[in-house]
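Breakdown of the fold
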Amino acid sequence: NLFGKKKIISPDKGLVDVYKYKTNENQEKITECLTRLSSTIIESAFPNSFKPSSFFNLYLYKNVSTPRCFHRDGFDPHLKVFLILKDTKFLEHGPYAFHPMSYKNNYFKTKFLVGINRLFGSDLGNCTSDSTFCSFKNMFPFFSEIGDVLITRQDGTHGDFPATIPYEKAALIQNFFKI
């Protein structure tokens, strides 16, 4: 950032993102089922709008007390499907969270936010898609159990609350991109 001169805290220390996770034969059956289920749900909500990626990511968290600040993965429509592999039942566990309706920001607000982030930065990151003005009070945490499936828009503000106690969590991720 140009003016903020804020000390950047190492975000996501304790998170491993296994990009293009290679599944074994048994896991392949689960990912095929997840893709079919997710595709059916997404198609009914957004007809002819999104297609699944051909690969999965695996997110492994261990005591992530400084997650990346709440952010967007970009400003174009994009969905992520999370298959929960470890329970996250309490706020102290650092649950995933989403700011409802935040994907509806108009073009001017989006460009303004990008400009502010370039000039001043944000508390835990240095990306132009950080949600600098979003309070954690606006965030809706998702408490989950093993096997839950969560589908979210990644062009809306999202991220993880910090884990305030030692805790591990895991999720298998599939992206759905705009057609």
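Residues numbered from 1 in each chain as written. Predicted model: local features only at pLDDT ≥ 70, side-chain atom pairs only at ≥ 80, totals over all residues. Heavy atoms only, no water.

1. Notes on the overall build of the protein chain
Of regular secondary structure, the protein chain possesses two helices and nine strands. Walking the protein chain from its N terminus toward its C terminus, one meets helices and strands in the order β-α-β-β-β-β-α-β-β-β-β. Looking at the protein chain as a whole, 41% of its 179 residues qualify as buried. Split by element, the accessible area of the protein chain, about 10,400 Å² in all, is 60% carbon and sulfur. (Helix = DSSP H or I, 4+ residues; strand = E, 2+ residues; numbered from the N terminus. Buried < 20%, exposed > 50% of the residue type's maximum accessible area, 1.4 Å probe, protein only. Areas by Shrake-Rupley, 256 points an atom, 1.4 Å probe, with all protein chains shown as cover.)

2. Side note on the sheet that holds strand 8 (residues 158-160)
Strand order in the open sheet formed by three strands is 6-5-8, and the pairing between neighbours is antiparallel. Two strands lie at the open edges of the sheet, namely strand 6 (140-141) and strand 8, each paired on one side alone. For strand 5 (residues 96-98) and strand 8, the ladder comprises three bridges, and the chain directions are antiparallel. Looking at strand 8, one finds that A97 is bridged to G159. (Pairing = 2+ DSSP bridges.)

3. Description of the nonpolar core
Membership of the largest hydrophobic core is limited to 10 residues, which are L34, I42, F50, F56, L58, L79, V81, L83, L172 and F176. The set of elements that each furnish at least two residues to this core consists of helix 1 (25-45), strand 4 (78-84) and strand 9 (168-178). Element by element, the count of residues in this core is highest for strand 4, at three residues. In this view, V81 contacts L34, S38, I42, V149, L150, I151, L172, I173, Q174 and F176; residues no more than four positions away in its chain are not counted. (Core = buried A, V, L, I, M, F, W, Y, C linked by side-chain atoms within 4.5 Å. Contact = heavy atoms within 4.5 Å.)

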